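# Reading the structure
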Amino acid sequence: MAESVVGRSVLRSDLLEKVTGAAVYTVDITPSGTLHAKVVRSSYAHAEITGIDAAAALAMPGVVAVITAEDLKDLFPRFGHIVPDHYILATEKVRYYGEPVALVVAESVEQAADAAAQVEVGYAELPAVMSVAEALAPSAPLVHREVYGMSGDESFTAMAATPTADEVAERDNVAHEVTLGWGDIDAAFQSAALIVTDSGMRFPMLYAYAMEPYNAVATFGGGRLDVISTAQHPFMVRGDLARIFGLPLSRVRVQAPYLGGGYGSKSYTKVEPLAAVASWATGRTVKLVLDVEEAIYTTRADAAEVSVRTGFDSDGRIVARDIDLVLDSGAYADNSPLVVAKAANRSFGPYRVPNLRVRGRSVYTNTSPASSYRGFGAPQGSFACEINLDRAAEQLGVDPAELRRRNLVDPGEEILPGKRGIDADLKADLDLVVESLRRDASSAQGSGIGFAVTASDAGAFPVSTAQVRIQVDGSVLVLSGSTEMGQGSRSVLAQIAAEELGVELAAVSVSQSDTGTVPYERTTGASRTTTLAGLALQRACAHARDQAATMAAEAFGWDAAAVVQVPGGVQGPDGRTVAFGDVVMHWFGANAGEITGIGIVRRDGVTQKMPPFWEVGMVGVEVAVDAETGVVDVRQLVTVADVGFALNPHAVEGQDLGAATQGLGGALYEELVYDGPQLLNPNLVDYRVPRMRDMPAKIDTMIVERRDGIGPYGAKGAGEGALNPMAAAVASAVARATGRWPTRVPLTPERVWRLLNDLPDDA
Amino acid sequence: MSEQRPELGSELATTVNGAAYTGWVPNRRTLAQFLRDDLGLTGTKVSCELQVCGVCTVLVDGEPVSSCTYLAADVDGRAVETVEGLANGDRLHPLQRAFVENFALQCGFCTPGFLMMAKALLERNPDPTDEEIREHLDGNICRCTGYRPIVAAVRAAASELRGATSG
C-alpha cells in the first residue's frame with residue numbers, strides 16, 4: 001500500500017486554534033442573558049433529608065429559583081445508562097458527602113454561590129458504609145433500597161464476556177456481579193507444581209483530573225432541549241436527557257465543543273441533567289460550572305481489592321487462575337457494572353489459562369460515585385495479577401520475561417473463548433520493552449526494573465456512522481460524532497478523508513460532535529475513534545467516490561462502467577480527469593450542490609466479532625529507591641504502542657506517553673483518601689499528579705506497526721494501553737529494588753519507607 | 001432576609017495586550033474573571049483555583065501570576081499579557097509555533113498557561129538548559145502529554161528566538 005497522507009506526523013489543525021486561545025471550550029460559552037447555577041451539596045455521607053428551607057436564599061439579590069427534588073416530580077428524575085439509579089437531585093435521602101441536594105439559579109455566578117450558602121437543609125443521619133468491607137458485612141445498611149431494573153441493552157451484554165442475571169434474591173450492596181471462567185480449576189490446582197497467591201491487593205480511588213472541570217450550558221424551551229457540555233459521549237447523554245423530560249431523541253441536542261481533557265471521566269452523563277432541569281424550571285438558558293472539588297465528588301475511578309491465585313506446572317506454564325475482584329463503586333452505579341465486567345475480562349491477562357474462575361463485584365458504598373476511567377477495569381485487575389506472575393517467576397527461578405513468553409498467547413489465539421483472537425504479537429512486543437530496559441539498567445543497590453503486560457478487549461460496541469460532504473469548490477466537510485478531547489480525533493479523521501478522496505489535507509474540515517447535526521456515534525471511548533469512526537469514514541468516502549463516478553457519467557454522457565476513480569476526482573473514458581467540485585457543478589448545473597457520502601459500522605463483517613480489537617498494554621520502568629526516605633525515582637520509562645498502523649505517529653506517541661504518565665500517577669502519587677464521611681484531599685494540592693520534574697531521564701516510546709488491526713490501513717486504537725499495566729510494572733520494580741513486594745499502590749514515600757522497615761501499612 | 005448592599009469596588013486603569021482599559025471592577029473580581037467575563041479574553045483558562053496547576057498563568061508587568069487568585073483591582077496601573085497577545089496578527093509567536101510542531105499539547109486546556117510561563121522564562125533566560133526549563137515549568141500541570149514534548153518545544157522556541165535576535 002502506498003498511502004500519502006496517513007502514516008505521517010502531519011500538524012494537527014486543532015492545535016493551531018488552541019495555541020492562540022481561539023479554541024472554544026464549553027466553559028468559554030456564555031450566551032447573553034444566561035443564568036448561573038450553583039449546587040447545594042450534602043454534608044453527610046448517608047442521611048435522610050428532613051427538610052429544605054430555601055426562603056433566605058430566594059430572597060437574596062439576583063436569585064431566580066432554588067430547585068429541589070420536589071420540583072422534579074413530573075420528570076423521570078434519574079439517569080444512568082445501565083442502571084438508572086442516579087438521582088439528579090437527592091430524593092428523600094443523600095448517599096454521599098457532596099451529593100447535589102438543591103440547585104440555586106441566579107443572574108450571576110457570585111449571586112448563585114452566595115445564595116447557595118444560605119439554603120438550609122435538615123438531615124437525620126443514617127449509618128453509612130464507607131468501605132467495601134462495611135458494605136458487604138452482614139446486615140449492612142443499604143445504600144439503595146430500591147430495585148431499578150437494568151436498562152443496559154445488548155450492547156452492554158455483548159461487551160461483558162459472561163453476562164449474569166441482575167436479579168438478586170436478597171437486597172445487598174452489590175450493584176453488579178459478573179462471573180467468568182472455564183475448565184476445572186479445583187482439579188487443576190490439585191495438579192499444580194506451584195501455587196502463588198496474592199490476597200487483598202489494593203488499587204486506589206483515582207481522579208482523572210481533566211483540567212476543564214465538568215460544565216454545561218442548557219436551554220429548554222418550545223419542547224426542545226439544547227445542551228452544550230463537556231461530554232465525551234454526547235449521544236449517550238442525549239438518551240439520558242430525553243428520558244428525563246420524556247422528549248423524543250430528535251428534540252434533544254447535545255453539542256460537545258473542544259474538551260479540556262477527558263480520560264474517560266467525561267464519559268456518560270454528569271452535570272447535563274442539573275443544567276437542563278434548571279433551564280426547564282426557569283425558562284432561561286442556564287450555565288453550570290463545577291470547581292475541581294465538585295468535579296472530584298462527581299466522578300472517580302473504582303477503587304479495587306483484588307485477590308489472585310495462580311497454579312503453574314513445573315515448566316512454569318499456567319494451569320489455573322482464580323481471581324476475585326471487588327470494586328468500590330460509590331453511591332451510584334453509573335458505568336461501574338461495565339467497568340467490573342471489563343475488569344473481569346482483562347484481569348487474567350493475555351495468557352493461555354486452561355482453567356479459570358473470575359468473580360467480580362461492583363459494590364455500592366456511601367462514597368462519591370465511580371465510573372469510567374482510562375483503562376476501564378484493566379489497571380485494577382492487572383496490578384494484582386501481573387505482580388502475581390512476577391512473584392511466581394521469583395519462586396520458580398525463571399526470568400519474569402521468560403515466564404510470560406511461555407504463557408502469552410500467539411497471534412490470532414483466543415483469550416476469551418468465542419471472542420476475537422489477539423490481533424498482536426505480544427512476545428515480540430515484550431522483547432522490545434525488556435531489551436530497552438535492560439540495555440540501560442543500573443546494577444546499583446536500590447535499583448530495579450519492572451515490566452508488565454495487558455490486553456484489553458477494546459473498541460466498545462461497534463456502532464459508528466460518518467458523513468463526508470464534498471463541496472462545489474472541492475473542499476470537504478467530515479461529520480462525525482467523535483468528541484475532540486485532545487486525543488486528535490478531528491485531525492486523524494481529516495487525514496483519512498484526505499487519503500481516501502485524494503485531496504489536500506488542508507481542504508478537509510471536521511465538525512465538532514453535535515447530536516443535532518452530525519451522524520450517530522455511540523461513544524468516544526475505549527480507544528475507538530481511529531478504528532471504528534475511521535472505518536465509517538472510509539466507507540463514507542467510498543460512497544462519495546461512487547456517487548461522483550455515477551454523477552460524472554450522467555453529466556458528461558460517459559459509459560458508467562468506464563469511469564475510473566482517481567485521486568481528487570474521476571477520469572472518463574476519454575482520459576479526461578474531472579475534480580470532485582467540477583462533478584458537483586456539472587451534475588447540478590450550477591455553482592451549487594454537494595456530494596454526501598454515508599458510512600456505517602455495525603456488528604457485521606469485520607466488526608461482527610467482539611471485541612473490535614485488542615488494545616495492548618506493554619510497559620517497563622526502572623526505579624531507584626531512596627532507602628532513607630522511601631522516595632521512588634523513575635529512571636526509565638519504556639512503552640510499546642502496538643497500534644497496527646500509526647496514522648499520525650507523533651500523535652500516537654503523545655497518547656501513549658500521556659497514558660503512561662497518568663499510569664505513573666496512580667502507581668506513585670495519586671489516591672483519593674476518605675477519612676470518615678468526606679475526602680481528606682479533594683483538591684490539587686493534596687491530590688498530587690505527575691509534574692514535569694517527575695519524568696524520567698530516559699523515555700523510550702516505541703511504535704509497532706504490523707497492520708494487524710481491522711481499522712483503516714490495519715490500524716487499532718491507542719490511548720489507554722500504556723496506563724493499564726503501569727501500577728504492576730512500578731510495583732515490581734520497587735520490589736526488585738527493595739526486596740519486598742508491595743500489596744498496594746500508590747507507592748508513596750511513606751508507604752515505601754514502611755515497606756523497607758517492615759512496618760504495617762498506614763491504613 | 002439579608003440586606004441588599006451595593007457591591008464594593010474600585011476604578012481600574014490597565015492595559016491588556018497593549019490595549020488600554022478603564023472601568024470599575026468589584027473588589028472580589030479575580031483577574032481571570034475580569035479577562036474572561038468582562039473582556040471576553042477566554043483564552044486564559046481556570047482549573048485548580050489554588051495556584052498549583054498553572055493553567056491560569058498570565059503576565060503582569062512581565063511577571064507570571066495565577067490570575068485565578070489575583071484580584072483584578074491589583075492590575076491597576078500595570079500591563080497584562082495573555083495568550084491572545086502572543087501572536088503578531090496571523091504570525092504565531094515562536095513558542096506557539098514550536099508547541100504545534102512538537103505536539104506539545106493535546107486537549108490544550110493547560111497550554112495558555114504553559115505558553116505564558118515559558119515566555120517569562122525565555123525573556124529572562126534566552127538559552128535555558130532542559131533542567132532549567134523543567135525547574136521553571138514544574139508549577140504547570142499537563143495531564144495529556146507526559147511533558148517531554150513541552151520541554152522540546154520550549155527548547156526549540158528558545159533557539160529560534162536567539163537566532164532571530166542575533167540575526
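Residues numbered from 1 in each chain as written. Chains lettered and ligands numbered in written order. Predicted model: local features only at pLDDT ≥ 70, side-chain atom pairs only at ≥ 80, totals over all residues.

### Examining the overall build of chain B
As a reminder of what qualifies: Note on conventions: DSSP H or I runs of at least 4 residues are helices, E runs of at least 2 residues are strands, and numbering of each starts at the N terminus. Here the globule rule is a power law, 2.2 Å times the number of residues to the power 0.38, and the radius of gyration is based on C-alpha atoms. Partly exposed residues are those whose C-beta has more than 12 but fewer than 20 other C-beta atoms within 10 Å; 20 or more makes a residue buried and 12 or fewer makes it exposed, with C-beta atoms placed from the backbone. A residue pair is marked as a contact if its C-beta atoms, positioned from the backbone, fall within 7 Å.
Within chain B, the regular secondary structure consists of 5 helices and 5 strands. The helix and strand sequence of chain B, counted from the amino end, reads β-β-α-β-β-β-α-α-α-α. Rg of the C-alpha trace for chain B: 17 Å, near the compact-globule value of 15 Å for 167 residues, within the 12% margin. Based on the C-alpha atoms only, the size of chain B along its principal axes is roughly 60 × 35 × 25 Å. In chain B, which comprises 167 residues, the share counted as buried stands at 51%. A sequence separation of at least 24 residues applies to 60% of the contacts in chain B between residues at least 6 apart.

### Regarding the overall build of chain A
Secondary structure summary: chain A contains 19 helices and 33 strands in total. With the C-alpha coordinates of chain A rotated into their principal frame, the extents come out at 85 × 70 × 50 Å. By residue count, 61% of the 763 residues in chain A fall in the buried class. Within chain A, contacts between residues separated by at least 24 positions form 79% of all contacts whose residues are at least 6 apart in sequence.

### Re the packing of helix H14 (residues 489–501) of chain A against helix H15 (residues 529–556) of chain A
The packing of two helices is summarised by the inter-axis angle and the distance between the axes. Residues and elements named next belong to chain A. The line we're drawing: Geometry is summarised by axes, namely lines fitted to C-alpha atoms with helices restricted to the contacting stretch, and by angles between N-to-C directions that run from 0 to 180 degrees. By the definition used in this description, the sense in which the near helix is turned from the far one sets the handedness, with an anticlockwise turn below a right angle giving left-handed and a clockwise turn giving right-handed.
Interhelical geometry of H14 versus H15 gives an angle of 30 degrees and a closest axis separation of 9 Å. Read as a crossing pair, H14 and H15 show a hand that is right-handed. Taken together, the residues of H15 that come into contact with H14 (itself represented by Ser489, Val492, Leu493, Ile496, Ala497, Glu500 and Leu501) are Thr529, Thr530, Ala533, Gly534, Leu537, Gln538, Cys541 and Arg545.

### Digging into helix H19 (residues 749–756) of chain A
Residue and element names in this part refer to chain A. As a reminder of what qualifies: Here the arc refers to the set of directions running from the helix axis out to each C-beta atom.
Inspection of H19 places Arg751, Val752, Leu755 and Leu756 among the buried residues, and these make up the whole buried set. All buried residues of H19 fall inside an arc of 135 degrees around its axis, so they share one side. Of the surrounding elements, those touching the buried residues of H19 are strand E29 (613–625), strand E30 (632–642) and helix H18 (726–738). Positive phi shows up at Asp758, right after H19, with a value of about 55 degrees.

### Describing the sheet that holds strand E17 (residues 318–330) of chain A
Residues and elements named next belong to chain A. Definition in use: Here, a strand pair is defined by DSSP locating no fewer than two bridges between the strands.
An order of E9-E18-E17-E16-E10 is seen for the 5 strands of this open sheet, with the pairing classed as mixed. Whereas interior strands pair on both sides, the edge strands pair on one side only; in this sheet they are strand E9 (174–182) and strand E10 (194–203). Sheet twist, expressed as the mean angle between neighbouring strand axes with direction ignored, is 5 degrees. Where E9 lies against strand E18 (residues 356–364), 8 bridges are found, and the strand directions are antiparallel. Across the sheet, the residue bridging to Gly181 is Arg357, located in E18.

### Section: the sheet that holds strand E21 (residues 464–471) of chain A
All names here are of chain A. If you walk across this open sheet you meet the 4 strands as E23-E22-E21-E28, and the pairing is mixed. Strands at the two margins of the open sheet, each flanked by one partner only, are strand E23 (508–510) and strand E28 (594–601). For this sheet, the mean inter-axis angle between neighbouring strands, taken without regard to orientation, is 20 degrees. Of the pairings in the sheet, the one linking strand E22 (residues 476–480) to E23 comprises 3 bridges and is parallel in character. Counted as the bridge partner of Leu477 is Ser509 from E23. Sheet strands touched by H15: E21, E22 and E28. Its angle to E28, the strand with the most contacts, is close to 140 degrees.

### Let's talk about the environment of Ala187 of chain A
Residue and element names in this part refer to chain A. The topology assignment puts Ala187 in helix H6 (residues 185–191). Residue Ala187 is classed as exposed on the basis of its C-beta count, with 12 C-beta atoms lying within 10 Å. Note: C-alpha distance between Ala187 and Ala128 (59 residues apart in sequence) is 41 Å.

### A word on the interface of chain B and chain A
Selection rule: Amino acids are sorted into nonpolar (Ala, Val, Leu, Ile, Met, Phe, Trp, Tyr, Cys and Pro), charged (Asp, Glu, Lys and Arg) and polar (every other residue, Gly among them).
Taken together, the 42 residues of chain B in the interface contact 44 residues of chain A. Sort the elements by how many residues they give to the side of chain B that touches chain A and helix H2 (residues 94–101) of chain B lands first, with 4 residues. Among the residues making up the side of chain B that touches chain A, the classes are represented as 23 nonpolar, 11 polar and 8 charged.

### Some details on the confidence of the model for chain B
Cut-off, in case you're wondering: A residue's pLDDT is the predictor's confidence in that residue, given on a scale from 0 to 100.
With 95% of its residues at a pLDDT of at least 70, chain B reaches an overall mean of 95. Prediction confidence for the complex, expressed as pTM and ipTM, is 0.97 and 0.96 respectively.

### Side note on H2 of chain B
The periodicity of an α-helix, 3.6 residues per turn, causes residues three or four places apart in sequence to face the same way. All names here are of chain B. Extensive coverage of H2 is indicated by the burial of 6 of its 8 residues. Within H2, the full set of buried residues consists of Pro94, Leu95, Gln96, Ala98, Phe99 and Val100. The first or second residue beyond H2 is Phe103, which carries a positive phi of 55 degrees.

### Topic: the nonpolar core
All names here are of chain A. What counts here: Note on terminology: a nonpolar core is any set of buried Ala, Val, Leu, Ile, Met, Phe, Trp, Tyr and Cys residues joined through C-beta atoms within 7 Å.
By size, the foremost hydrophobic cluster in this structure holds 309 residues, and its most contacted members are Val104, Val105, Ala275, Ala497 and Val730. Per-element tally for this core: the top contributor is H15, with 13 residues. Setting aside residues no more than four positions away along its own chain, Ala497 makes contact with Val468, Val476, Val478, Val508, Leu537 and Cys541.

### Examining the packing of H2 of chain B against helix H3 (residues 111–124) of chain B
All names here are of chain B. We count it as follows: Roughly parallel covers angles under 35 degrees, roughly antiparallel covers those over 145, roughly perpendicular covers 65 to 115, and oblique covers all other angles.
One can describe the packing of H2 onto H3 by two numbers: an axis separation of 10 Å at closest approach and a directional angle of 130 degrees. If you check the angle between H2 and H3, you find them oblique. Seen from above, H2 lies across H3 with right-handed handedness. Touching Leu95, Gln96 and Phe99 of H2 are Thr111, Leu115, Ala118 and Lys119, all from H3.

### Some words on the pairing of strand E1 (residues 35–41) of chain A
Residue and element names in this part refer to chain A. Along E1, 6 of the 7 residues are buried, which leaves the element largely enclosed by surrounding structure. Sheet analysis places E1 next to strand E14 (residues 286–289), joined by 3 bridges and oriented parallel. The residue of E14 that forms the bridge with Leu35 is Val286. Where E1 lies against strand E7 (residues 100–106), 6 bridges are found, and the strand directions are antiparallel. Directly across from His36, in E7, lies its bridge partner Ala106.

### Some details on the environment of Ser482 of chain A
Residue and element names in this part refer to chain A. Among the secondary structure elements, Ser482 is positioned in the loop between E22 and H14. A C-alpha to C-alpha distance of 5.8 Å links Ser482 and Ser513, two positions 31 residues apart in sequence. When sequence neighbours within four positions are dropped, the list of residues in contact with Ser482 reads Ser489, Leu493, Ser513, Glu521, Thr524, Thr529 and Ala533.

### Topic: unusual backbone geometry
In this chain, Met610 of chain A is followed by Pro611 of chain A through a cis amide linkage whose omega measures -10 degrees. Following the sequence through the fold, Pro611 of chain A ends up in the loop between E28 and E29. Of note, Tyr268 of chain A is a non-glycine position whose phi angle comes to about 65 degrees, a positive value. In this fold, Tyr268 of chain A is placed in the loop between strand E13 (252–256) and helix H8 (272–282). Using a count of 27 C-beta atoms within 10 Å as the deciding quantity, one classes Tyr268 of chain A as buried. Even without a glycine there, the phi angle at Asp61 of chain B is positive, about 50 degrees.

### Some remarks on the confidence of the model for chain A
The share of residues in chain A with pLDDT of 70 or more is 97%, and the mean pLDDT across the chain is 96. Taken together, the stretch residues 163–169 of chain A has pLDDT below 50 and engages in 7 contacts with residues farther than four places along the chain or on a different chain.

### Observations regarding the environment of Leu672 of chain A
Residue and element names in this part refer to chain A. Mapped onto the elements of the fold, Leu672 is located in the loop between helix H17 (649–668) and strand E31 (674–675). Sequence separation between Leu672 and Ser732 is 60 residues; the distance between their C-alpha atoms is 23 Å. Excluding its chain neighbours within four sequence positions, the residues that come into contact with Leu672 are Met205, Leu206, Tyr207, Ile296, Arg300, Leu679, Asn681 and Tyr687.

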